[in-house]
Amino acid sequence: MDCIFCKILEGEIPSYKVYEDDHIYAFLDITQTTKGHTLVIPKNHIKNIYELDSTLATQIFSKVPLITKALKEAFKPIGFNIINNVDKPTQSVFHFHVHIVPRYENDAVELLTPNQMENY
């Protein structure tokens, strides 16, 4: 399979682990939109939220608060964006993932509004 996240899980591509259990893996995003930007992925290849069953959704989303609290303690952001992009044009890796993006004063992160998405 030619999935970058599966390659990370297999150890073919290095990553900085933030959290891991039997079902999920969380690691720092290589693009680091902001300091501490973390991705949470299932260990099984699931293309997107449409393929996510309720059990796996619970396993993933029940850990998001724990990971977010750890990031808050480590990086001291003023807040967070928690995002899941689905399909084009916003999903760039087709392995389900949740972005946990710490926010800081004047971080210059701009999220597209629905009107902007229409013109994307």
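Per chain, residue numbering runs from 1 following the sequence as it is written. Thresholds applied to this predicted model are a pLDDT of at least 70 for local features of residues and 80 or more for the giving and counting of side-chain atom pairs; totals over whole chains, interfaces and linings are not thresholded and use all residues. Computation of side-chain values: all heavy atoms of the structure, hydrogens and water removed.

## Section: helix H2 (residues 54–61)
- Of the positions making up H2, those classed as buried are Leu56, Ala57 and Ile60. With its buried residues spanning 105° around the axis, H2 presents them on a single face. Across from the buried face of H2, at angles greater than 90 degrees, the exposed residues are Ser54 and Thr58.
- In this structure, the buried side of H2 is in contact with strand S2 (24–28), strand S3 (38–42), helix H3 (64–75) and strand S5 (98–103).
- The N-capping residue of H2, defined by a side-chain oxygen 3.1 Å from the backbone nitrogen of threonine 55, is aspartate 53. Any residue under 20% of the maximum accessible area for its type is buried, any over 50% is exposed, and the rest in between are partly exposed; the area is computed with a 1.4 Å probe on protein chains only. Only DSSP runs of H or I with at least four residues qualify as helices, and only runs of E with at least two residues qualify as strands; both kinds are numbered from the N terminus onward. The directions considered for the arc run from the helix axis to the C-beta atoms. By the convention used here, residues are in contact when the closest approach between their heavy atoms is within 4.5 Å. Whenever a nitrogen or oxygen atom comes within 3.5 Å of another N or O atom, the pair is scored as a polar contact, on the condition that within protein one atom can donate a hydrogen and the other can accept it, and that pairs from neighbouring residues in sequence are kept only if both atoms are in side chains.

## Topic: the pattern of salt bridges
- Any Lys or Arg side-chain nitrogen found within 4 Å of a carboxyl oxygen on Asp or Glu counts as a salt bridge. Under the counting rule described, the total for this entry stands at four salt bridges.
- For lysine 43, the salt bridge identified is with glutamate 20, shortest N-O distance 2.8 Å. Of the two residues, lysine 43 sits in the loop between S3 and H2 while glutamate 20 sits in strand S1 (residues 17–20), which places them 23 residues apart along the sequence.
- By sharing partners, the salt bridges in this structure join Lys17, Glu20 and Lys43 into a single network.

## Observations regarding the pairing of S5
- In terms of burial, S5 is a largely internal element, six of the six residues being buried.
- Alternating positions in S5 separate into two faces, Val98, Ile100 and Pro102 on one and His99, Val101 and Arg103 on the other, with burial throughout.
- One requirement defines pairing of two strands: DSSP has to find at least two bridges between them. With five bridges connecting them, strand S4 (residues 79–83) and S5 associate as antiparallel partners. When the sheet's bridge partners are listed, isoleucine 82 is paired in S5 with isoleucine 100.

## Some thoughts on the packing of aromatic side chains
- The criterion for an aromatic pair is that two Phe, Tyr or Trp rings (for Trp, the six-membered ring) have centres within 6.5 Å, with stacked assigned to planes under 30 degrees apart, edge-to-face to planes over 60 apart and tilted to the rest. Following the criterion strictly, the structure yields three aromatic pairs and no others.
- Centre to centre, the rings of phenylalanine 5 and phenylalanine 27 are 5.6 Å apart; their planes meet at 80°, and the pair counts as edge-to-face. Within this pair, whereas phenylalanine 5 is found in helix H1 (residues 4–9), its partner phenylalanine 27 is found in strand S2, the two being separated by 22 residues in sequence.
- Consider the rings of phenylalanine 61 and phenylalanine 96, whose centres lie 6.3 Å apart with planes at 70°: the pair is edge-to-face. Of this pair, phenylalanine 61 sits in helix H2 while phenylalanine 96 sits in the loop between S4 and S5, and the two are 35 residues apart along the sequence.

## Thoughts on the sheet that holds S3
- Taken together, the five strands give an open sheet; going across it, the order is S1-S2-S3-S5-S4, and neighbouring strands pair in antiparallel fashion. Each end of this open sheet is capped by a strand with a single partner; those strands are S1 and S4. Here the strands of the sheet are splayed against their neighbours by 15° on average, with no regard to which way each runs.
- As paired elements, S2 and S3 share five bridges and run antiparallel to each other. Across the sheet, residue alanine 26 finds its bridge partner in S3, namely valine 40.
- Contacts from H2 reach S2, S3 and S5, with the element oriented near 150° to S3. Axis definition: a line fitted to C-alpha atoms, over the contacting stretch in the case of helices. Angles run 0 to 180 degrees between N-to-C directions.

## Side note on the pairing of S3
- Within S3, five of the five residues are buried, which leaves it mostly tucked inside the rest of the structure.
- Alternating residues of S3 divide into Thr38, Val40 and Pro42 and Leu39 and Ile41, and every residue in both groups is buried.
- Both S3 and S5 contribute to a ladder of three bridges, which runs antiparallel. Looking across to S5, one finds that leucine 39 is bridged to histidine 99.

Such coordinate-based values are descriptive only and should not be taken to indicate function.
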